[in-house]
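Analysis of the macromolecular model
If you want the building blocks of each chain, they are given just below.
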Amino acid sequence: MDVQATTPLDPRVLDAMLPYLVNYYGNPHSRTHAYGWESEAAMERARQQVASLIGADPREIIFTSGATESNNIAIKMESRSVAQARVQWHGLGSLQSLSSGFK
């Protein structure tokens with residue numbers, strides 16, 4: 001969805017983001033000050049909006065800093081999924097070979 005960072009900014013996005021680029025610029029992971037609390041609340045609202053838009057659980061929405069980070073997360077998650085499927089498949093195969101001895 002990055003389109004290699006060449007997509008023009010939608011004016012509605014600029015309007016929504018401008019307060020956080022000018023006035024509420026805190027790190028959303030900093031929980032020791034109001035700037036961080038405001039940014040965290042805004043991120044959680046955005047997470048809810050994105051999840052609602054695509055029919056996902058908000059916990060499934062991960063914001064990244066760019067394409068490389070997104071690609072790395074996708075590759076890691078897919079490799080874990082493949083590894084888990086292999087474990088399940090091998091486990092099932094073992095059970096099938098065991099059960100064939102009980103005919």
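None of these values were measured; they are calculated from a predicted model. (Residues numbered from 1 in each chain as written. Predicted model: local features only at pLDDT ≥ 70, side-chain atom pairs only at ≥ 80, totals over all residues. Heavy atoms only, no water.)

The subject of this paragraph is the overall build of the protein. Each helix and strand counted, the protein has 3 helices and 0 strands in total. Traced from its N-terminal end to its C-terminal end, the protein shows the element sequence α-α-α. Looking at the protein as a whole, 8% of its 103 residues qualify as buried. In the protein, of all internal contacts separated by at least 6 residues, the share reaching a separation of at least 24 is 5%. Summing over all exposed atoms, the protein offers an accessible surface of approximately 8900 Å²; the carbon and sulfur share of this is 60%. (Helix = DSSP H or I, 4+ residues; strand = E, 2+ residues; numbered from the N terminus. Buried < 20%, exposed > 50% of the residue type's maximum accessible area, 1.4 Å probe, protein only. Contact = heavy atoms within 4.5 Å. Areas by Shrake-Rupley, 256 points an atom, 1.4 Å probe, with all protein chains shown as cover.)

Put simply, the largest pocket is a space of about 1700 Å³. In terms of lining residues, the largest pocket is bounded by 36 residues, among which Val13, Ala46, Val50, Phe63 and Thr64 are the most central. Put simply, the parts of the chain that give the lining of the largest pocket at least two residues each are helix H1 (11-22), helix H2 (34-54) and helix H3 (67-100). The element that contributes the greatest number of residues to the lining of the largest pocket is H2, accounting for 9 residues. Classifying every residue of the lining of the largest pocket gives 23 nonpolar, 8 polar and 5 charged. (1 Å grid on protein atoms, 1.4 Å probe; cavity = no way out; pocket = protein on both sides within 12 Å on 5 of 7 lines; lining within 4 Å. Points joined across faces, edges and corners; volume = space filled by probe spheres on them. Nonpolar A, V, L, I, M, F, W, Y, C, P; charged D, E, K, R; others polar.)

Applying the stated criterion across every chain yields a total of 4 salt bridges. One salt bridge connects Arg31 with Glu40, and the closest N-O pair in it is separated by 2.8 Å. Residue classification places Glu40 among the partly exposed positions, given a relative accessible area of 22%. (Salt bridge = Lys/Arg side-chain N within 4 Å of Asp/Glu carboxyl O.)

Right, let's get into the side chain of Ser39. The topology assignment puts Ser39 in helix H2. For Ser39, the residues in contact, after removing those within four places along its chain, are Tyr24, Tyr25, Gly26, Asn27 and Pro28.

A contiguous nonpolar patch, built from Leu9, Val13, Leu14, Met17, Leu18, Leu21 and Val22 and spanning about 630 Å² of accessible area, is present on the exposed surface. In this fold, Val22 is placed in helix H1. (Patch = residues over 30% accessible without salt bridge, like charges linked within 9 Å, V, L, I, M, F, W, Y side chains within 5 Å.)

Across all of its chains, the model carries 2 aromatic pairs by this definition. A centroid spacing of 5.8 Å and a plane angle of 45 degrees characterise the contact between Tyr20 and Tyr24, whose relative ring orientation is tilted. On the numbers, 5.2 Å between centres and 20 degrees between planes, the contact of Tyr25 with Tyr35 is stacked. Residue Tyr25 is located in the loop between H1 and H2, and its partner Tyr35 is located in helix H2; the two are separated by 10 residues in the primary sequence. Residue classification places Tyr35 among the partly exposed residues on the basis of a relative accessible area of 40%. (Phe/Tyr/Trp six-rings, centres within 6.5 Å; stacked < 30°, edge-to-face > 60°.)

Locating Arg47 in the fold gives a position in helix H2. Within the local environment of Arg47, its side chain forms a polar contact with the side chain of Glu44, the two groups lying 3.2 Å apart. Not counting residues within four places of it along the chain, the set of residues in contact with Arg47 comprises Pro58, Ile61, Ile62 and Phe63. (Polar contact = N/O pair within 3.5 Å; in protein donor to acceptor, adjacent residues only side chain to side chain.)

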